[in-house]
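# Notes for the structure review
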Amino acid sequence: SNGEKKHFSLTEYDQINLFGKLAELNSGEQKCAYHADNEACTFFSAEDMQLVIKQAMWFVSYHTTHLNALLQWTMHCRDKEELHKVFYGADIPEAYQNEVLKSYLKKIREGVATE
């Protein structure tokens, strides 16, 4: 809440822990003990922890969707020249953008990526 930026690696272990924190919040906890990467454990307000969880889950979901679209694109490449256009972070042709990816890309363009 003080505007300080924290980094969370979002390994599978971290994601499981964040779901546990979500359960704590849903049971009415007003603060959660957690830690950013390479930092000591500290208390996060319920509001801050909800924001961390929301942004983390959006980040994981978007990148999983992007990766799946890249896979679909590679499966349809007809030659090595086309395959060389496929890389992580590439703009995916609309033909390989599913409904979910299109929704994420629209939110990114509108500046509401974590909603």
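Now for a description of the structure that goes with this document. All values reported here derive from a predicted model rather than from experimental measurement.

Here is what the cut-offs are and how they apply
- Residues numbered from 1 in each chain as written.
- Predicted model: local features only at pLDDT ≥ 70, side-chain atom pairs only at ≥ 80, totals over all residues.
- Heavy atoms only, no water.
- Axes fitted to C-alpha atoms, helices over the stretch in contact; angles between N-to-C directions.
- Helix = DSSP H or I, 4+ residues; strand = E, 2+ residues; numbered from the N terminus.
- Parallel < 35°, antiparallel > 145°, perpendicular 65-115°, else oblique.
- Left-handed = near helix turned anticlockwise from the far one by under 90°.
- Contact = heavy atoms within 4.5 Å.
- Nonpolar A, V, L, I, M, F, W, Y, C, P; charged D, E, K, R; others polar.
- Buried < 20%, exposed > 50% of the residue type's maximum accessible area, 1.4 Å probe, protein only.
- Pairing = 2+ DSSP bridges.
- Disulfide = S-S within 2.5 Å.
- Salt bridge = Lys/Arg side-chain N within 4 Å of Asp/Glu carboxyl O.

A few words on the packing of helix 2 (residues 46-75) against helix 4 (residues 99-110). As a packed pair, helix 2 and helix 4 sit with axes 10 Å apart at the nearest point and diverge in direction by 125 degrees. As judged from the angle between their axes, helix 2 and helix 4 are oblique. Here helix 2 and helix 4 pass one another in a crossing that is left-handed. In contact with W58, S61, Y62, T65, H66 and A69 of helix 2, helix 4 contributes V100, L101, Y104, L105 and I108. Classifying every residue of the contact of helix 2 with helix 4 gives 8 nonpolar, 3 polar and no charged.

We now examine the pairing of strand 1 (residues 31-34). Along strand 1, the buried face is formed by C32 and Y34; none of K31 and A33, which line the opposite face, is buried. Judged from the 4 bridges that link them, strand 1 and strand 2 (residues 42-45) form a sheet pairing that is antiparallel. Note that in strand 2 the partner of A33 across the bridge is F43.

All right, on to the state of the cysteines then. Taken as a whole and judged by the stated rule, the model has 0 disulfides. No disulfide involves C32; its sulfur sits 10 Å from the nearest other cysteine sulfur, which is in C41.

The tally for this structure, following the rule as stated, stands at 5 salt bridges. Linking E94 and K102 is a salt bridge whose minimum nitrogen-to-oxygen distance equals 3.5 Å. Given the relative accessible area of 35%, K102 is considered partly exposed. A salt bridge links E110 to K106; the shortest N-O distance between them is 3.0 Å.

Where the residue is not glycine, phi is negative for most of them; where a peptide bond is considered, it is trans in most cases. Of note, L10 is a non-glycine position whose phi angle comes to about 65 degrees, a positive value. Assignment of secondary structure puts L10 in the segment before helix 1 (12-26). Judged by its relative accessible area of 14%, L10 is buried. With phi around 60 degrees, N38 is a residue other than glycine that occupies positive phi space. Relative to the assigned elements, N38 resides in the loop between strand 1 and strand 2. You can call N38 exposed: its relative accessible area is 85%.

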